[in-house]
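Given next are the chains, with one letter for each unit.
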Amino acid sequence: MRLLFIILILLVAGLFVAGLTVGPADTGFTEALAALVNGGDGPLPLVMREIRLPRALLAVMVGAGLGLSGAALQGYLRNPLAEPGLIGVSNAAALGAVVVIHAGLVASGTLALPFAALGGALIGVFLVLALAGAQGGSLTLILAGIAISALAGALTSLVLNLSPNPFAASEIVFWMMGSLADRSIVHVGLLLPFVLVGGAMILSLARGLDALTLGEDAAETMGYSLTRLRLVLVIGVAAIVGGATAVAGAIGFVGLVVPHILRPFVGAQPSRLLWASALGGAVMLQMADILVRVILPERDLKLGVVTAIVGAPLFLHLIVKTRRESGGGLA
Amino acid sequence: MSVLTLDRLSVTLRTRSIFSNVSLRVAPGEFVGLIGPNGAGKTTLMRAALGLIPSTGRSSLAALTARDRARAVAWMPQSREIAWPIPVERLVALGAEAAGHSPTGRAGQTAIEAAMSRMGLTSYKGRAASRLSGGEQARALIARALAQDTPLLMADEPIAGLDPAHQISTMEVFAALAAEGRAALVSLHDLGLAARHCTRLVLLAEGGILADGTPAEVLTPENMARAFGVSVWHRQTGDGPIFQPLEVL
């Protein structure tokens, strides 16, 4: 168990350094790091501090947040197919962003888009909680999430449908694919409180999620208020997913695949999976963000596309493995 | 002094009354079998007593905070859900955590080891709980409840689906807990085992308690005909009571 954490932390740190040294500005490894640490005049310190450092930090924060959220939702719903988008917040955040792009307000300030996405996420989580009710179980939460997700998705399609010109439409489509390119340290500052607060809220639920392994009645009688647990979980996940979507667009599969891969290494314990998935999510998203810069450096490959291309086959492999272990059946 | 007091407890789901005005006291040292036909409301009664579903009247457990309740009663639902392949030892440790012990502390370790050895699970420590056989899972879940170390243990059909040896040994665990001064309230369908092992039976039927007393007082031909619609054969032997439902009336 400890070995896993050491390996993951080393991977996060190693990929962070690697991420700082990959980019269109052709620089040497030590040269780039020296420019970052020492600063000074010239283009290289500027590239390092204004472009690559925020990008690397965002990859860690977004990846860790999505991995953590996915692990928490899988634990709460006792379902390995749960993912952060399930509660509808990512689609709601995307809708907020898309409306702003459609209205042509993006140019009015770099932060108009993330704030609109956060607004969308806030409305989304409010509606999900109102629909699911304070006392409801996990089923009502899933249904409310699906309803809000579908509604936000439909409205996003409507906006796309009504887009005034092909440029606006393509801008919307590209934004929805997710990216960490051209983000600034302001975006880091914007996302940080959401990831820290949401992360702390989710991590406070670790023991309750363990108890939920035995079902809702058993967890309730082991001293965990499920009403409170669900409220804290939804708000924590919404903060992280809303914040992550606001700064990076829609990035799928991280919250689904990472907990699934790491579960066997933590004895399937939901509480330990939280930490492991946060680190694993940071690893996966950093790798993907390095890949987009290495594979097609001149074509602006989108991050969400790469996580899906890498994540979907990985997920298929896991399904096949599960089938083999359970003797051919899918259960 | 009692570990559970129900005072005129009633549950209505939508417009249908499940049972009404059920009053019951369970004292330390009692192994109470809750019997009754399908749909009589045994599960509902226990869940209402725990405060898991809304009811009218009073239950001493439902009045407690979630944390205090976890120290007053351990509950084993019928579903026997184990969502993840966690190690058996970790599953049992959930009970110790609910009791407020750290699973790595001395008190926690003692509670976990005692519960595991009592259920014969010592050699299962590292096995994945969700991949055990049905009977082994049932034993692991009972060990989890034992590790919670509460004065009262409540279980919903804990012996359903077990083979005869495990049914008997599980009933003996509950009887031993009662003999140690704790109490158990357990719903059962096997009236023969209920007659042999329980110190007291509560017969739930027709929306309330139809009979409450020793097995001999409750398992009368009249009560069995009225509650279950079956005839019965009942003998007191040197090996204890033998009780057998015979045919549908």
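What counts and how
Residues numbered from 1 in each chain as written. Chains lettered and ligands numbered in written order. Predicted model: local features only at pLDDT ≥ 70, side-chain atom pairs only at ≥ 80, totals over all residues. Heavy atoms only, no water. Helix = DSSP H or I, 4+ residues; strand = E, 2+ residues; numbered from the N terminus. Buried < 20%, exposed > 50% of the residue type's maximum accessible area, 1.4 Å probe, protein only. Contact = heavy atoms within 4.5 Å. Areas by Shrake-Rupley, 256 points an atom, 1.4 Å probe, with all protein chains shown as cover. Lys, Arg positive; Asp, Glu negative; His and termini not counted. Charge placed at Lys NZ, Arg CZ, Asp CG, Glu CD. Salt bridge = Lys/Arg side-chain N within 4 Å of Asp/Glu carboxyl O. Pairing = 2+ DSSP bridges. Axes fitted to C-alpha atoms, helices over the stretch in contact; angles between N-to-C directions. 1 Å grid on protein atoms, 1.4 Å probe; cavity = no way out; pocket = protein on both sides within 12 Å on 5 of 7 lines; lining within 4 Å. Points joined across faces, edges and corners; volume = space filled by probe spheres on them. Nonpolar A, V, L, I, M, F, W, Y, C, P; charged D, E, K, R; others polar. pLDDT = per-residue confidence, 0-100. Patch = residues over 30% accessible without salt bridge, like charges linked within 9 Å, V, L, I, M, F, W, Y side chains within 5 Å. Right-handed = clockwise from strand over helix to strand, strands pointing away.

Draft legend 1. Inspection of the overall build of chain B at higher detail. What chain B contains, in helices and strands, is 9 helices and 11 strands. Buried positions account for 53% of the 249 residues belonging to chain B. Taking contacts inside chain B between residues at least 6 apart in sequence as the whole, the part at least 24 apart equals 64%. Approximately 10,700 Å² of chain B is accessible, and the part contributed by carbon and sulfur atoms is 50%. Side chains of chain B carry 24 positive and 21 negative charges; the gap between the two charge centres is 7 Å.

Draft legend 2. Seen up close, the pattern of salt bridges. Counted by the stated rule, this structure contains 15 salt bridges over all chains. The salt bridge involving K302 of chain A is made with D300 of chain A; its shortest N-O contact spans 3.2 Å. The class of K302 of chain A is buried, set by a relative accessible area of 12%. Looking at D300 of chain A, the relative accessible area reads 44%, which means it is partly exposed. With its nearest N and O atoms 3.5 Å apart, the salt bridge here joins D7 of chain B to R8 of chain B. A relative accessible area of 52% means that R8 of chain B is categorised as exposed. Through salt bridges that share partners, R207 and D210 of chain A together with R90 and E97 of chain B make up one connected network.

Draft legend 3. Quick look at the sheet that holds strand 4 (residues 56–59) of chain B. All names here are of chain B. Across the sheet, which stays open at both edges, the 3 strands sit in the order 2-1-4 with antiparallel pairing between neighbours. Every interior strand has two partners, whereas the edge strands, strand 2 (16–26) and strand 4, have only one. Averaged over neighbouring strand pairs, the angle between their axes works out to 20° when direction is ignored. Pairing geometry for strand 1 (residues 4–13) and strand 4, over 3 bridges, is antiparallel. By the bridge assignment for strand 4, S10 is matched with T56. Where helix 1 (residues 42–50) meets the sheet, it contacts strand 1, strand 2 and strand 4, and its direction lies at approximately 115° from that of strand 1.

Draft legend 4. Representation of the pairing of strand 9 (residues 208–213) of chain B within the structure. Residue and element names in this part refer to chain B. Bridging between strand 8 (residues 200–205) and strand 9 involves 5 bridges; their strand directions are antiparallel. Paired with V202 across the strands is D212, a residue of strand 9. If you look at the hairpin formed by strand 8 and strand 9, you'll find 2 residues sitting between the two strands, and E206 has a positive phi there, around 55°.

Draft legend 5. Spotlight on empty space enclosed by the protein. Scanning the entire structure with this criterion turns up 2 cavities of 30 Å³ or more. As a volume, the largest cavity reaches approximately 80 Å³. Surrounding the largest cavity, L214 and A218 of chain A together with M76, P77, S79, R80, E81, L141 and R144 of chain B form its lining. Here the residues of the lining of the largest cavity are counted per class, giving 5 nonpolar, 1 polar and 3 charged. Of the pockets and cavities examined, the second largest cavity occupies roughly 40 Å³. Lining the second largest cavity, in full, are L15, F16, G19, A56, A59, Q286, D289, I290 and R293 of chain A. Elements with a minimum of two residues in the lining of the second largest cavity: helix 1 (2–20), helix 3 (43–77) and helix 13 (270–295) of chain A.

Draft legend 6. Broad picture of the confidence of the model for chain A. The share of residues in chain A with pLDDT of 70 or more is 97%, and the mean pLDDT across the chain is 89. By mean pLDDT, helix 2 (residues 29–38) of chain A is the weakest element of chain A at 79, and helix 9 (residues 206–211) of chain A is the strongest at 96.

Draft legend 7. Up close: a nonpolar patch on the surface. All names here are of chain A. A surface patch of nonpolar side chains, amounting to about 540 Å² of accessible area, comprises I261, F265, L291, I295, L296, V310 and L314. Broken down by secondary-structure element, the contributors of at least two residues to the nonpolar patch are helix 13 and helix 14 (303–325). For I261, the position within the fold is in helix 12 (residues 254–262). What makes I261 partly exposed here is its relative accessible area of 31%.

Draft legend 8. Broad picture of the layout of surface pockets. In this structure, the largest pocket spans a volume of roughly 980 Å³. Together, 31 residues line the largest pocket, and P80, H260, T322 and E325 of chain A together with R131 of chain B are the ones closest to its centre. Looking at the lining of the largest pocket, the elements that each hand over two or more residues are helix 12 and helix 14 of chain A. If one sorts the elements of the lining of the largest pocket by residue count, helix 14 of chain A sits on top with 8 residues. Class assignment of the residues belonging to the lining of the largest pocket gives a composition of 18 nonpolar, 7 polar and 6 charged.

Draft legend 9. Geometry of the pairing of strand 6 (residues 152–156) of chain B. Residues and elements named next belong to chain B. Within strand 6, 5 of the 5 residues are buried, which leaves the element mostly enclosed by the surrounding structure. With burial as the criterion, each face of strand 6 is covered, one bearing L152, M154 and D156 and the other bearing L153 and A155. In terms of strand pairing, strand 5 (residues 73–76) meets strand 6 through 4 bridges, oriented parallel. Its bridge partner lying in strand 6, W75 is registered against M154. Read as a crossover between parallel neighbours, the route from strand 6 over helix 6 (residues 164–179) to strand 7 (residues 183–187) is right-handed.

Draft legend 10. Quick look at helix 3 (residues 88–98) of chain B. Counting buried positions along helix 3 of chain B gives 10 out of 11 residues, so the element sits mostly inside the fold. Three or more residues of helix 3 of chain B are buried, namely V88, R90, L91, V92, A93, L94, G95, A96, E97 and A98 of chain B. Here the buried face of helix 3 of chain B lies against helix 9 of chain A together with helix 2 (66–72), helix 4 (106–118) and helix 5 (134–147) of chain B. One or two steps after helix 3 of chain B, the chain reaches G100 of chain B, where phi turns positive at roughly 95°.

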